Amino acid sequence: MILLQSPSRFLLQILQDRVLSGEKGIDIDCHTVEFDDVRYHIQFSMRNPKVMVLSVALPLPPPEAILYDGLPLGAIEAIKAAYGPVVQILDPPKDGFDLTMKINLTKLPLDEEQRNAILTQIASIREVVLGAPLKLLLKHLASKAVAPNVDKLVALVHRPNESFFLAPQADKVTIVYPMRFQDSIDIVLATSFLQEFVEARRTAALNNVPSCMWSPAPPLELKGVSADALNANAGFVTFVVYPRHVEGKKLDRTVWNLLTFHAYVSYHVKCSEGFMHTRMRRRVESLIQALDQAKSDAEKLKKLVHGGSFKRLSLKNEVDSRF
Amino acid sequence: MDALSRPAVVIDNGTGYTKMGFAGNVEPCFITPTVVAVNDSFSSSGQPAARGAPARGNWLAQHSAGVMADLDFYIGEEALARSRASTSHSLSYPIRNGQVENWDTMERFWQQCIFNYLRCDPEDHYFLLTESPLTAPETREYTGEIMFETFNVPGLYIAVQPVLALAAGYTTTKCEMTGVVVDVGDGATHIVPVADGYVIGSSIRSIPITGKDVTQFVHQLLKERGENIPPEESFDVARRIKEMYCYTSSDIVKEFNKHDREPSKYVKHWTGIKPKTGAKYTCDIGYERFLGPEIFFNPEIYNNDFTTPLQVVIDKCIQSSPIDTRRALYKNIVLSGGSTMFKDFHRRLQRDLKKIVDARVRASNSRLISGDTKAQPIEVNVVSHPIQRYAVWFGGSVLASTAEFYEACHTKAEYEEYGASICRSNPVFKGMY
Ligand SMILES: Nc1ncnc2c1ncn2[C@@H]1O[C@H](COP(=O)(O)OP(=O)(O)OP(=O)(O)O)[C@@H](O)[C@H]1O
Ligand SMILES: [Mg+2]
C-alpha cells in the first residue's frame, strides 16, 4: 500500500490508450513532474500517431556524483537492453532535458502480455536510467565480485543535489543515505520513524532482509566525503546488502526500493501525519458527543427550572458547521 | 529548482469525478471517480471509543487492527473494482452534492492522488484546489489545514469552480471574466453569474437536477420497460448508456415520431456480461436516449417537486443580477461539467433561453407609447467548447500557470504565522481577465 510502484501510472496510461486507440490520434504535448524533480515531456503528433517522443530530466546531480554524457553510468546500455528496437535515443536530447527517446509503438510485440511488459518497462524509465549504476554494482554482487574500475566509495544521484553512497565489496555492498527533511515536524517524525524501522528489522520475522542501522553521525564508510554532502538533519541510514538479496528476480525490486528510499520515508511521514489527524478528528468528535450528551442532560434540567427563557450558545451548532 | 519554477498541481474534486494534473497542460493527467474503498472488517476502528470502554486487554490488538485498516484502502477505479470483488471493503464517497462530507476519506483520497497517481512530492509544488460556490469558509480552513499540515504544501489557492470554468473559455473564445457559468456535474447544478472575476453571490441559483438524476431517470425507464439488466450493475450500466447514447432533442413529440418511424436508426443496443454467471445479455436503448437530458428542460417528466426548467432558472438568475451586468451576462453563458456534454445541449439551451428573452423584449416594446425608443434586442449566447467536460480543471491549469497565481496563493509561512483562517478568502487575481 505504502510502497511506490516503479512504473509511472500516467506514462503507462498514455501508452496503453495510444496502443489501443487504433490509427487515429490527437496531438499530445504535456509535461509532468514526479518526486525528486524527475520531469517528463510527452509528445505525440498527429502526423505520426504511433510514435511517442519522450524526454526525461533527471534530478540536478550533486557535485560528488559522476555522470557520463549527462547520464548515470550504464544508462544507455540499460535502455538498449530493456527496450530493444522499440526505442531510439535521440542525440542531443531536447533542450532542458537529459534524455530524449523516440518510442515506436508499431514495433511492439504483438503478444498482449509481452507488449504490456514492455510498456510497463517504458513507464519505468526512471528506474532504468537512474537505477542503472546501482543495478550494475548489485549484479556483480550477485555473482560475488566487484565491478571493475569502481572506486571504493561511489556516490549516486538520489535527489536533487543529494547523493547516497555505496561501498562495494565482493561479498556485500554497504549503502548509506544521509537523510534530510525540510519541515521541522517532518524531521522529528522521520527520525523516529527511522529508528523504529531499524528496530523492526531486529524482530525475528525479518531476518532475511538486509541489515540496517541508523546513526546521528556519518558512519565510518563515509570518511573523506565532503562536508556538504554530509549535512543531514535526520541522521544516516545504512543498509548492508548481501548476494542473496539481489539474486534473480529480487534484483529489480531491490534496485527500485533503494533508489526511492527517501521518497518512501517521506511518503510514510505524510501518511502518519494524515493518520494522526484522523485520530485527532475522531477524538474531538467523541469528546463533542460526550459534551453534547452532558449538555442536553443539563439543558433538560435547566428547562425545568427556567422554562428555557434565555438563549444559550449551542456548542453543537458551532461544531457542526466546522465538520 | 524551487516550487515557483515547477508547475502547480491542479486538482478539481467533484462529486463524481476528480480531475487532477499539472498546470500548463491542456488535459488533466487523471479523471478518476471520487470514491474510496475502506476496509471496515475491523469494526472497532470506525467508532470513536467514547461509548462504553472497550475490553481492556483487547485494546492493543484493536488499536493495531485499526491501524492496519487505516492503511488498507483504495481510490478511484481500483476502489470500485475492490468493492465488486470482495466484501471486506466498503465504498465511501467523500463528496456529496459538491461539498466534502467525510474529511477522513477525503484526506486519504488526496494522499493517493498526490503520491500514487501524480507521484509528486507535495512539498515541491504549489496547489490549486477547487470548491463549489456554496462552500462555507470553514470548509476552506479545513482544506487548508490538511494541505499545509499533512502535506506541507508550500502554497495553496482555493478557487471557485465556475470562475475557473469562465477562465477556461478565455483562451478558446475572446471573452472577459464576465458571464454566467452553467455547471452541471454529477451531484450539483449551479448557475453562477460572475462579473470581472467576482461571483455575484446573491444571484447564484442551484437546481436539484444533476447528472446523477439523468442516470437515475434512464435507469428507471430501462427498468419500467423490463430490460434485462442484472440489478447489481444496472445503475452503472444506465450511467454508461447515458454517457454514450443520450442526446438533446429539439422537440420531444417530433423525436418520439422519428423513433417510431425508423426504429432501426434510433434504437441502440447494449451488450454486457452478467458479473455473477458470466453469461452475455443484451438490452435495447430507445426513448431514454432523448428523454434523459430532457429533464433539464422539462423537469416535470422526472420529478413533481421541482418543475422549473433550466432556461427559466438561468433567466431569473440574470434578471436578479445588477442591471448593468445583464447584457454582458446574456452574451456569455458558459457550459461546464460532464452533464452538459449531451449532443446539441447548448443549441437547445440557447434557443429556449432566447425565446424567453425575446418574449420579454417584445412585451416591453408593445407597452411603449409611440415616440419612445425601442429596447435593443438582447444577444443570447451559450458558449460550448471542446474541453467542457473538465472546463473547471482547464481554467485552473491556465490560471495556475500565470505568475500572478503564485502571488495570490497563501503560503506555508503565512499559514504558520496567521493560522488556517487565512484560507477563508482567496483573492481574485489579474490574469483572470
Ligand atoms: N459524454 C457524456 N455525456 C453525458 N454525460 C456525461 C458524459 N461524460 C460524463 N458525463 C456525466 O457527467 C457527470 C460528471 O461530470 P463532472 O465530472 O463535471 O462532475 P463532478 O465535477 O464530479 O461533480 P460536481 O461538479 O457536481 O461536484 C457524471 O454524471 C457523468 O455521468
Ligand atoms: Mg465539478
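Residues numbered from 1 in each chain as written. Chains lettered and ligands numbered in written order. Predicted model: local features only at pLDDT ≥ 70, side-chain atom pairs only at ≥ 80, totals over all residues. Heavy atoms only, no water.

Colleague: So what exactly am I meant to see when it comes to the overall build of chain B here?
Modeller: Helix and strand counts for chain B come out as 17 helices and 19 strands. A burial count over chain B gives 55% of its 433 residues as buried. Considering only intrachain contacts with a sequence separation of at least 6, the fraction spanning at least 24 residues in chain B is 70%. Looking at chain B as shown, the accessible area adds up to about 18,900 Å², and 52% of this sits on carbon and sulfur atoms. (Helix = DSSP H or I, 4+ residues; strand = E, 2+ residues; numbered from the N terminus. Buried < 20%, exposed > 50% of the residue type's maximum accessible area, 1.4 Å probe, protein only. Contact = heavy atoms within 4.5 Å. Areas by Shrake-Rupley, 256 points an atom, 1.4 Å probe, with all protein chains shown as cover.)

Colleague: I tried to follow the domain arrangement of chain B on my own but got confused; where do I start?
Modeller: The parts lose accessible area when they come together, and the size of an interface is often stated as this lost area. Residues and elements named next belong to chain B. For chain B, the assigned domains are domain 1 (3–34 + 93–162 + 390–432), domain 2 (171–208 + 307–383) and domain 3 (211–295). Computed over C-alpha atoms, the centres of domain 2 and domain 3 are 31 Å apart. Between domain 2 and domain 3, the residue contacts involve ten residues of the former and twelve residues of the latter. When the two sides are added together, the surface that domain 2 and domain 3 hide from each other amounts to roughly 920 Å², 45% of it contributed by carbon and sulfur. Among the residues domain 2 hides against domain 3, the three largest losses belong to Asp 186, Phe 342 and Arg 348. Together they make up 60% of the total. The tally of links from domain 2 across to domain 3 stands at two salt bridges. Run the count over domain 2 and domain 3 and you get seven residue pairs in polar contact (both at pLDDT 80 or more). Split into classes, the residues belonging to the side of domain 2 that touches domain 3 amount to three nonpolar, two polar and five charged. (Domains from an automatic or database assignment. Buried area = accessible area lost by both parts, 1.4 Å probe. Salt bridge = Lys/Arg side-chain N within 4 Å of Asp/Glu carboxyl O. Polar contact = N/O pair within 3.5 Å; in protein donor to acceptor, adjacent residues only side chain to side chain. Nonpolar A, V, L, I, M, F, W, Y, C, P; charged D, E, K, R; others polar.)

Colleague: Mind showing me how you'd approach the nonpolar core here?
Modeller: Within soluble globular proteins, side chains that are nonpolar generally end up buried alongside one another. Of all hydrophobic cores here, the largest spans 112 residues; its most connected members are Leu54(A), Ile125(A) and Val265(A). No other element matches helix H4 (residues 103–117) of chain B, which puts eight residues into this core. Each residue touching Ile125(A), except ones within four places of it in the same chain, is listed here: Leu11(A), Tyr40(A), Leu54(A), Val56(A), Tyr83(A), Leu99(A) and Met101(A). Counting residues in hydrophobic clusters, the runner-up holds 47 residues, among them Ile207(B), Val218(B), Cys246(B) and Ile295(B). (Core = buried A, V, L, I, M, F, W, Y, C linked by side-chain atoms within 4.5 Å.)

Colleague: Mind showing me how you'd approach the site of ligand 1 here?
Modeller: Residues and elements named next belong to chain B. Among the 20 residues in the neighbourhood of ligand 1, the closest are listed as Thr 15, Tyr 17, Lys 19, Asp 186 and Glu 243. Between ligand 1 and Ala 188 there is a distance of 3.0 Å, counted from an oxygen atom to a backbone nitrogen or oxygen. One of the side-chain nitrogen or oxygen atoms of Glu 243 is found 2.5 Å away from an oxygen atom of ligand 1. For ligand 1, the protein covers 93% of the area, taking 650 Å² as the surface of the free molecule. Of all the elements in the fold, those that place two or more residues in the shell around ligand 1 are strand S2 (17–22) and helix H8 (234–245). Take the shell around ligand 1: its biggest share by element is three residues, from H8. In the shell around ligand 1, the residues fall into four nonpolar, ten polar and six charged. (Near = heavy atom within 4 Å.)

Colleague: Explanation requested: the interface of chain B and chain A in the structure shown.
Modeller: Counting from both sides, the interface comprises 48 residues of chain B and, opposite them, 46 residues of chain A. Taken together, both faces of the contact between chain B and chain A bury some 4,000 Å²; the carbon and sulfur share is 48%. Summed over the three residues of chain B that lose the most area to chain A, namely Phe115(B), Arg119(B) and Tyr142(B), the buried surface amounts to 18% of that side. The tally of links between chain B and chain A comes to five salt bridges. Asp37(A) is the partner of Arg6(B) in a salt bridge, and the nearest nitrogen-oxygen pair spans 2.5 Å. Linking chain B to chain A there are twelve residue pairs in polar contact (both at pLDDT 80 or more). Of all the secondary structure elements, the ones that give two or more residues to the side of chain B that touches chain A are helix H2 (59–71), H4, helix H5 (137–150) and helix H17 (412–418) of chain B.

Colleague: Please explain the layout of surface pockets as it appears in this structure.
Modeller: Over the atoms rolls a probe the size of a water molecule, and its path tells where empty space is left. In this structure, the second largest pocket spans a volume of roughly 790 Å³. For the lining of the second largest pocket, the secondary-structure elements that each account for two or more residues are helix H1 (9–20) of chain A together with strand S3 (30–33), strand S5 (73–75), helix H3 (76–85) and H4 of chain B. In the lining of the second largest pocket, the residues fall into eleven nonpolar, seven polar and six charged. (1 Å grid on protein atoms, 1.4 Å probe; cavity = no way out; pocket = protein on both sides within 12 Å on 5 of 7 lines; lining within 4 Å. Points joined across faces, edges and corners; volume = space filled by probe spheres on them.)

Colleague: Explanation requested: the sheet that holds strand S7 (residues 162–168) of chain A in the structure shown.
Modeller: Pairing between the strands of a sheet is mediated by backbone hydrogen bonds and can be parallel or antiparallel. All names here are of chain A. Reading across from one edge, S6-S7-S8-S10-S9 is the order of the five strands in this open sheet, with antiparallel pairing throughout. On the outer flanks of this sheet lie strand S6 (154–159) and strand S9 (211–215), each paired with one strand and no other. Put simply, the sheet's adjacent strands are angled 20° from each other on average, direction ignored. Across five bridges, the pairing between S9 and strand S10 (residues 236–241) is antiparallel. In the sheet register, Ser 215 faces S10, and the bridge partner there is Phe 236. Set on the sheet, helix H6 (residues 184–202) makes contact with S9 and S10; between it and S9 the angle comes to about 145°. In the packing of helix H7 (residues 250–259) onto the sheet, the strands contacted are S6, S7, strand S8 (173–178) and S10, and the crossing angle to S8 comes to about 25°. (Pairing = 2+ DSSP bridges. Axes fitted to C-alpha atoms, helices over the stretch in contact; angles between N-to-C directions.)

Colleague: I tried to follow the packing of H4(B) against H5(B) on my own but got confused; where do I start?
Modeller: How two helices sit against one another is set out by the angle between their axes and by the gap between those axes. Residues and elements named next belong to chain B. Interaxial distance between H4 and H5 falls to 11 Å at its minimum, and their mutual angle equals 45°. In terms of orientation, H4 and H5 fall into the oblique class. Like other packed secondary-structure pairs, H4 and H5 cross with a definite hand, here right-handed. The residues of H5 that touch H4, namely those facing Trp 103, Glu 107 and Trp 110, are Thr 139, Tyr 142, Thr 143, Ile 146, Met 147 and Thr 150. Of the residues contributing to the contact of H4 with H5, the split by class is five nonpolar, three polar and one charged. (Parallel < 35°, antiparallel > 145°, perpendicular 65-115°, else oblique. Left-handed = near helix turned anticlockwise from the far one by under 90°.)

Colleague: Looking at this structure, how should I read H5(B)?
Modeller: In an α-helix there are 3.6 residues to a turn, and that puts residues three or four apart on one side. All names here are of chain B. For H5, which comprises 14 residues, the first-to-last C-alpha distance of 20 Å matches the rise-based estimate of 20 Å (1.5 Å per residue) to within 8%. Of all 14 residues that make up H5, ten are buried, and the element is covered over most of its length. Turning to H5, its buried residues number three or more, namely Thr 139, Arg 140, Glu 141, Tyr 142, Thr 143, Gly 144, Ile 146, Met 147, Phe 148 and Thr 150. Remark: Asn 152 follows H5 within two positions and exhibits a positive phi of approximately 55°. (Expected span 1.5 Å × (residues − 1).)

Colleague: What's the story with the sheet that holds strand S3 (residues 48–57) of chain A in this structure? I'm lost.
Modeller: Residue and element names in this part refer to chain A. Spatially, S1-S2-S3-S5-S4 is the arrangement adopted by the five strands of the open sheet, whose pairing is antiparallel. The sheet is open, and its two edges are formed by strand S1 (28–34) and strand S4 (87–90), each paired on a single side. Each neighbouring strand pair of the sheet contributes to a mean axis angle of 20°, computed without reference to strand direction. Where S3 and strand S5 (residues 99–104) come together, six bridges link them in antiparallel fashion. The partner of Ser 55 across the bridge, within S5, is Thr 100.

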